[in-house]
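Secondary and tertiary structure notes
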Amino acid sequence: MAFSLPKSSPFPLPNPLNLLIFSISILLTLNLILGSEMGSVGNGGNELFPEILRDEAVFRIRELGKVSDREGYLERTFLSPAALRATDLIISWMQDAGLRSWVDQMGNIHGRTESVNSSAEALLIGSHMDTVVDAGMYDGALGVICAISALKALKISGKLQKLYRPVEVIAFSDEEGVRFQSTFLGSAAVAGILPPSTLLATDKSGVTVQNVLRENSFEATIESLGRVKYNPQSVWGYVEVHIEQGPVLETLGYPLGIVKGIAGQTRLKVIVNGVQGHAGTVPMPLRQDPMAAAAELIVTLESLCRKPEKFLTYDNECGCVTKESLAGLVCTVGELSCWPSASNVIPGQVNFTVDVRVIDDKAREAILAELSKQIYWKCDRRMINCTIELKHSAEAVLCDSGLAVQLKQAATSALRKMHGYTPSEMPILMSGAGHDAMAMARLTKVGMLFVRCRGGISHSPEEFVLDDDVWASGLALLHFLEQHVVGDSV
Ligand code: GLV
Ligand code: MN
Ligand code: MN
């Protein structure tokens, strides 16, 4: 961090006023420098730590944002070369915060500090280190870095030795599921819900999860994965800070929000097989064109999710699928490929992905059942062979109400401290995006704090969080730790 001394003449006149100004500027500069290194020790726990929670955290987010497998855009998938470089960086930051660090058998990075009470259950704080393709630099990284920064602030104020329970930061190796189409490889392993068959999942080039792990000197056996799992008895709870990835907080003009729950999600791969042929010679009525079929299926999905009432009959009696249960339903085809992909060839095969999310799990099931009915019916009509593969399914998650209250108090007190007044009631949000907290909810109670992002944009290089909002999120986490994990506060 660069600090500049106040401008002065290189040869100040030795008069008392100049001497006074000179001494004050030295004192101010020393205070800034020491402040950045040591926080404001002795301030009775009221420190704001802008140098760590804002300046250094933002610097680190940008550093991590440069660690990419591609020239010109950010892409860092499970155990890729860039992920390995990022691992070294994150370990060095964990160590700088006074944490003992290690990498587990699924490539997750852990940084832990023990407590005075050696048998106490640990608080886990985390998010993910992988990214989507052409990603923004805050998704995942913000949560990992602001957790490390909050612990560094505790170290500087001498409170790391006074923890009532162990605190562990985890940077999960895979949340996005970009490489193997199977999300939460990292957090699912820690939660002990990763199916052993995941080891045999393949990426686009046919490399399995097991291959990748072994290439990187991990054991990659069912037993080694079993060792990644945490004993629920040893864990008190899991907290995650994450950018909102939507526009609500910005619209409300609020930097932080509390997450009430996370929508369940299903990912499918649809394989549409037609008859490959010559674009110039096969008459239109004789074609079995998988591209046209895929287009029809994709538009059907869009109609189903825009106007589900046109496809489903709501049943208020049994409470199965109601208008309310489908609120917030979103469906996406994000990836499509065709073979052989040439302008003068009717394709032989088209594959596309489907991502369906809604907070009500029964409603999601109803949508998926209707979608598959429509897909098979429309493919039969076109005499095209279609198959649907289930790639990922995660149930909706409700965050723990106790943790939500505690995070809300911590976030409110952080904003009060930053701005000098009590902010209005903090927004409570549902998350349409998936998070490691979904997998961790199978291990322990979870709580999440959302951070405002510009234009609600995420999964894009346009993703942006104000430096002061990064600071607010780190300070909120620090207050949470001070109120619920440090010494006599518990
Ligand atoms: C993760 O970012 C997801 O919700 O897909
Ligand atoms: Mn993401
Ligand atoms: Mn994320």
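Throughout this document, residue positions are counted from 1 along each chain, in the order its sequence is written. Note on labels: chains are lettered from A, ligands numbered from 1, in written order. Two thresholds apply to this predicted model, a pLDDT of at least 70 for residue-level local features and 80 or more for giving and counting side-chain atom pairs, whereas whole-chain, interface and lining totals are computed over all residues. Excluded from the side-chain calculations are hydrogens and water; all other atoms, namely the structure's heavy atoms, are used.

The protein is annotated in an unreviewed UniProt entry as allantoate deiminase of Ananas comosus. In the Subunit (unreviewed entry) part of its UniProt record, the protein is described as follows: "Homodimer." UniProt positions are given in the numbering used here, feature names are shortened, and annotations may be inferred rather than shown by experiment. In the Subcellular location (unreviewed entry) part of its UniProt record, the protein is described as follows: "Endoplasmic reticulum".

Points about the state of the cysteines
Cysteine sulfur atoms are paired as a disulfide whenever they fall within 2.5 Å. Inspection of the entire model under this criterion finds 2 disulfides. Across the disulfide from Cys305 sits Cys331; the S-S distance is 1.9 Å. Taking the sign of the torsion about the S-S bond as the criterion, the disulfide between Cys305 and Cys331, at about -80°, is left-handed. One end of the pair, Cys305, is in helix α9 (residues 290-306); the other, Cys331, is in strand β9 (residues 330-332), with 26 residues separating them in the sequence. Residue classification places Cys305 among the buried residues on the basis of a relative accessible area of 11%. Across a sulfur-sulfur distance of 2.0 Å, Cys379 and Cys386 are joined as a disulfide pair. With the S-S dihedral at roughly -75°, the linkage between Cys379 and Cys386 falls on the left-handed side. Relative accessibility decides the category of a residue: with a 1.4 Å probe and only protein chains considered, values under 20% of the type maximum give buried, values over 50% give exposed, and everything between is partly exposed. Owing to a relative accessible area of 1%, Cys379 belongs among the buried residues under this scheme. According to the relative accessible area criterion, Cys386 is buried, its value standing at 8%. Helix and strand assignments follow DSSP, with helices taken as H or I runs no shorter than four residues and strands as E runs no shorter than two, numbered in order from the N terminus.

Quick word on the coordination of the manganese ion (ligand 3)
The manganese ion (ligand 3) binds to the protein through His128 (NE2), Asp139 (OD) and His242 (NE2), with metal-donor distances spanning 2.0 to 2.2 Å. All donors of the manganese ion (ligand 3) come from a single chain, and their spacing in sequence reads H-x10-D-x102-H. For the pair the manganese ion (ligand 3) and the manganese ion (ligand 2), the metal-to-metal distance amounts to 3.4 Å, and Asp139 bridges them. Within this pair, whereas Asp139 is found in the loop between β3 (122-128) and α4 (141-156), its partner His242 is found in strand β5 (residues 235-243), the two being separated by 103 residues in sequence. Note that water is not among the atoms used; donors are N, O and S atoms within 2.8 Å of the metal (3.2 Å for Na, K and Ca), so sites may look incomplete.

A look at the packing of α4 against helix α13 (residues 467-484)
Every angle, taken between N-to-C directions, lies between 0 and 180 degrees, and every axis is a line fitted to C-alpha atoms, over only the stretch in contact when it is a helix. Remark: α4 packs on α13, axes separated minimally by 9 Å, with the N-to-C direction vectors making an angle of 55°. Relative to α13, the element α4 is oriented oblique. The crossing of α4 and α13 is right-handed. Each of Leu142, Cys146, Ala147, Ala150, Leu151, Ala153 and Leu154 in α4 lies in contact with α13, whose residues at this interface are Val470, Ser473, Gly474, Leu477, Leu478, Leu481 and Glu482. Residues are grouped as follows: nonpolar covers Ala, Val, Leu, Ile, Met, Phe, Trp, Tyr, Cys and Pro; charged covers Asp, Glu, Lys and Arg; every other residue, Gly included, is treated as polar. For the contact of α4 with α13, the residue count by class is 11 nonpolar, 2 polar and 1 charged. Working definition: roughly parallel below 35 degrees, roughly antiparallel above 145 degrees, roughly perpendicular at 65 to 115 degrees, and oblique for all remaining angles. Note: crossing handedness is left-handed where the near helix turns anticlockwise from the far helix by less than a right angle, and right-handed where it turns clockwise. Any two residues whose heavy atoms approach within 4.5 Å at even a single point are treated as in contact.

Some words on the site of ligand 1
Proximity is defined per residue: any heavy atom of the residue falling within 4 Å of a molecule or strand makes that residue near it. Residues in close proximity to ligand 1 include Glu175, Glu176, Arg267, Arg357, Ala433, Gly434 and His459, which together make up its full environment. Here an oxygen atom of ligand 1 and a side-chain polar atom of Arg267 are 3.1 Å apart. Nitrogen and oxygen atoms within 3.5 Å of one another constitute a polar contact, given that in protein one can donate a hydrogen and the other can accept it, and given that sequence-neighbouring residues count only through two side-chain atoms. One of the backbone nitrogen or oxygen atoms of Gly434 is found 2.6 Å away from an oxygen atom of ligand 1. With the chains in place, 93% of the 190 Å² that ligand 1 exposes on its own is no longer accessible. Every accessible area reported is derived by Shrake-Rupley at a probe size of 1.4 Å, with residue values counting cover from the shown protein chains alone.

A look at the coordination of the manganese ion (ligand 2)
Taken together, Asp139 (OD), Glu176 (OE), Glu176 (OE) and His459 (NE2) make up the protein donors of the manganese ion (ligand 2), found 2.0 to 2.7 Å from the metal. As a motif over one chain, the donors of the manganese ion (ligand 2) read D-x36-E-x282-H. According to the relative accessible area criterion, Asp139 is buried, its value standing at 6%.

Examining the packing of helix α2 (residues 50-65) against helix α3 (residues 81-96)
Between α2 and α3, whose axes approach to 11 Å, the crossing angle comes to 165°. Judged by the angle between their axes, α2 and α3 are roughly antiparallel. Judged by the sense of rotation from one axis to the other, the crossing of α2 with α3 is right-handed. Contacts between α2 and α3 involve Glu56, Arg60, Glu63 and Leu64 from the first element and Ala86, Leu89, Ile90, Trp93 and Asp96 from the second.

Topic: α4
Each residue after the first adds 1.5 Å to the expected span of a helix. For α4, built from 16 residues, the straight-helix expectation of 22 Å at 1.5 Å per residue is met to within 8% by its first-to-last C-alpha distance of 22 Å. Where burial is concerned, most of α4 is hidden: 15 out of the 16 residues are buried. Following α4 by one or two positions, Gly158 adopts a phi angle in the positive range, close to 75°.

Describing the pairing of strand β15 (residues 428-431)
The side chains of a regular strand alternate between the sheet's two faces. Burial of the side chains of β15 is restricted to one face: Leu429 and Ser431 are buried, whereas none of Ile428 and Met430 on the reverse face is. For strand β6 (residues 256-262) and β15, the ladder comprises 4 bridges, and the chain directions are parallel. Across the sheet, the residue bridging to Val259 is Leu429, located in β15. Two strands qualify as a pair provided DSSP detects at least 2 bridges between them.

Considering the pattern of salt bridges
We define a salt bridge as a side-chain nitrogen of Lys or Arg found within 4 Å of a carboxyl oxygen belonging to Asp or Glu. Tallying each qualifying case throughout the model produces 27 salt bridges. Glu168 serves as the salt-bridge partner of Arg112, at 2.7 Å between the closest nitrogen and oxygen. Placement of Arg112 in strand β2 (residues 109-113) and of Glu168 in strand β4 (residues 167-172) is noted, with a sequence separation of 56 residues between them. The two residues Arg112 and Glu168 agree in class, both being buried. Between Glu335 and Lys204 there is a salt bridge, and its shortest N-O distance comes to 3.4 Å. One end of the pair, Glu335, is in the loop between β9 and β10 (336-339); the other, Lys204, is in the loop between α5 (185-191) and α6 (209-215), and 131 residues separate them in sequence. Taking the relative accessible area as the measure of exposure, Lys204 reaches 76% and is therefore exposed. Connected via shared salt-bridge partners are Glu56, Arg60, Asp96 and Lys152.

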